[in-house]
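Examining the three-dimensional arrangement
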Amino acid sequence: MELIVADNASTDDSLEFLRSTYPVVRVIELKRNHGYAGGYNEALKEVKSEYYVLLNSDVEVSRGWIEPVIELMDNDKTIGACQPKILSYHKRDQFEYSGGAGGWLDCLGYPFARGRIFDICELDKGQYNDVQSIFWASGAALFVRAELFHEAKGFDTYFFAHMEEIDFCWRLQLLGYGVYACPASEVYHIGGGTLPKGNERKVFLNFRNNMIMLAKNLPKRQSFWKIPLRVLMDFTSAFKSLFAGQVVYFLAVWEAHVAFFKWLLFSQARSVFPVKRKARLTGWYPHCVAWKHFVEGKETFDEIVGDKR
């Protein structure tokens with residue numbers, strides 16, 4: 001194994017500290033901040049390996065966390081990407097927002113996870129300790145076959161940050177490869193280390209990128225009705241927040257949808273589209289998770305998905 005730190009044009013003394021304290025660590029120093037998506041794309045051009053393990057700087061790992069995932073992927077060549085169980089750094093018996101025990105996607109593009117439904121994170125009681133195929137693996141700690149990363153054309157740099165790993169895993173599945181969760185491996189994620197929850201930029205990127213992801217990856221016959229419905233649901237949520245006094249959230253959602261339509265008209269050529277589109281998706285929930293949660297009051301993954309784990 002080789003340990004590499006890709007520095008996204010940091011402005012503090014972290015590189016000086018790294019070189020003086022850990023001189024054996026290889027540093028790839030980028031000249032500007034490319035965001036999560038572009039930063040990894042640029043750095044990985046300089047890395048030769050069978051597997052890439054993409055690890056965010058706000059993640060604490062546990063001893064022996066790499067081996068179970070590599071063993072799983074070595075034993076099944078159809079697995080293209082994988083994630084460990086992701087627990088909260090501050091509440092270690094609780095799943096963390098960014099991936100839990102493996103990400104799913106509902107029919108309208110709302111992401112959720114085994115152990116996390118919207119803002120509700122479950123306690124880890126071993127209920128998701130089985131290896132399972134999922135829809136998306138968290139970018140906080142993402143294992144991917146290096147060859148497939150490039151075959152799928154990497155992350156969409158237009159996203160900059162947020163939703164890029166879901167978009168990537170969608171394209172990876174459409175190439176015919178599986179995405180899995182390996183709970184025998186555990187890491188602890190702080191979450192919001194770069195952009196805190198509720199940050200206007202974070203809200204903007206999440207909503208804009210989610211819409212772009214749907215437009216790129218959904219079959220055309222589905223996108224014609226699902227995207228308008230998503231716009232309606234997003235603005236229902238935004239106006240509810242406005243009436244609750246959350247003006248920043250409302251404006252971020254509005255700006256995100258304006259930016260999405262600008263992408264549709266002028267910027268599609270700057271994005272990465274699926275290479276193939278003829279694979280069966282796993283971790284796809286054919287109903288609306290928002291309805292199940294906000295209308296029917298379901299709060300856990302098992303309550304919503306049932307035995308389809």
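Please refer to the structure placed before this passage.
First, a word on scope: everything that follows refers to the structure included in this document.

The rules we used
Residues numbered from 1 in each chain as written. Predicted model: local features only at pLDDT ≥ 70, side-chain atom pairs only at ≥ 80, totals over all residues. Heavy atoms only, no water. Helix = DSSP H or I, 4+ residues; strand = E, 2+ residues; numbered from the N terminus. Rg over C-alpha atoms; globule rule 2.2 N^0.38 Å. Contact = heavy atoms within 4.5 Å. Areas by Shrake-Rupley, 256 points an atom, 1.4 Å probe, with all protein chains shown as cover. Pairing = 2+ DSSP bridges. Right-handed = clockwise from strand over helix to strand, strands pointing away. Salt bridge = Lys/Arg side-chain N within 4 Å of Asp/Glu carboxyl O. Buried < 20%, exposed > 50% of the residue type's maximum accessible area, 1.4 Å probe, protein only. Polar contact = N/O pair within 3.5 Å; in protein donor to acceptor, adjacent residues only side chain to side chain. Phe/Tyr/Trp six-rings, centres within 6.5 Å; stacked < 30°, edge-to-face > 60°. Lys NZ or Arg CZ within 6 Å of the ring centre and 35° of its normal.

A word on the overall build of the protein. When you go through the protein residue by residue, the secondary structure sums to 10 helices and 13 strands. Rg of the C-alpha trace for the protein: 19 Å, near the compact-globule value of 19 Å for 309 residues, within the 12% margin. Counting only C-alpha atoms, the protein reaches 55 × 40 × 40 Å along its principal axes. If you take every contact in the protein between residues at least 6 apart in sequence, the share linking residues at least 24 apart comes to 72%. As displayed, the protein has an accessible area near 15,300 Å², and 55% of this comes from carbon and sulfur atoms.

Two strands pair when backbone bridges link them, and strand β1 (residues 4–8) and strand β2 (residues 26–30) are joined in this way by 5 bridges, in the parallel orientation. Along β2, the bridge assignment pairs N8 with L30. Regarding the hand of the β-α-β motif, the stretch spanning β1, helix α1 (residues 14–21) and β2 is right-handed.

Let us look at the pattern of salt bridges. On inspection of all chains with the given rule, the structure shows 13 salt bridges. The partner of K216 in a salt bridge is D156, with the nearest N and O atoms 2.7 Å apart. Highlighted residues: K216 in helix α6 (residues 200–217) and D156 in the loop between α4 (146–151) and α5 (164–174), separated in sequence by 60 residues. Accessibility expressed as a relative area gives 0% for K216, which makes it buried. On the basis of relative accessibility, which here comes to 0%, the residue D156 falls in the buried class.

Moving on, we come to the environment of Y36. For Y36, the position within the fold is in helix α2 (residues 35–44). A sequence separation of 28 residues divides Y36 from N8, and the C-alpha atoms of the two residues are 8.5 Å apart. Leaving out residues up to four positions away in the same chain, Y36 has contacts with N8, L54, N56, G139, F155, F160, A161 and E164. There is a polar contact of 2.8 Å between the side chain of Y36 and the backbone oxygen of G139.

The next thing to look at is the packing of aromatic side chains. Applying the stated criterion to the full structure yields 27 aromatic pairs. Seen from their ring centres, Y36 and Y40 are 4.8 Å apart, and the 70° between their planes marks the pair as edge-to-face. Of this pair, Y36 and Y40 both sit in helix α2, separated by 4 residues, roughly a single helical turn. The burial state of Y36 is the same as that of Y40; both residues are buried. The interplanar angle of 20° and the centroid separation of 6.2 Å between the aromatic rings of W263 and F273 together place this pair among those described as stacked. With W263 in helix α8 (residues 247–267) and F273 in the loop between α8 and β13 (284–285), this pair connects stretches of sequence that are 10 residues apart. With relative accessibility at 25%, the residue F273 sits in the partly exposed group. Taken together through their ring pairs, the aromatic side chains of Y36, Y40, Y52, F149, F155 and F168 make up a single cluster. Above the face of the Y89 ring, R92 is positioned so that its terminal group lies 5.0 Å from the ring centre. Lying over the aromatic face of Y97, R116 brings its terminal NZ or CZ to 3.9 Å of the ring centre.

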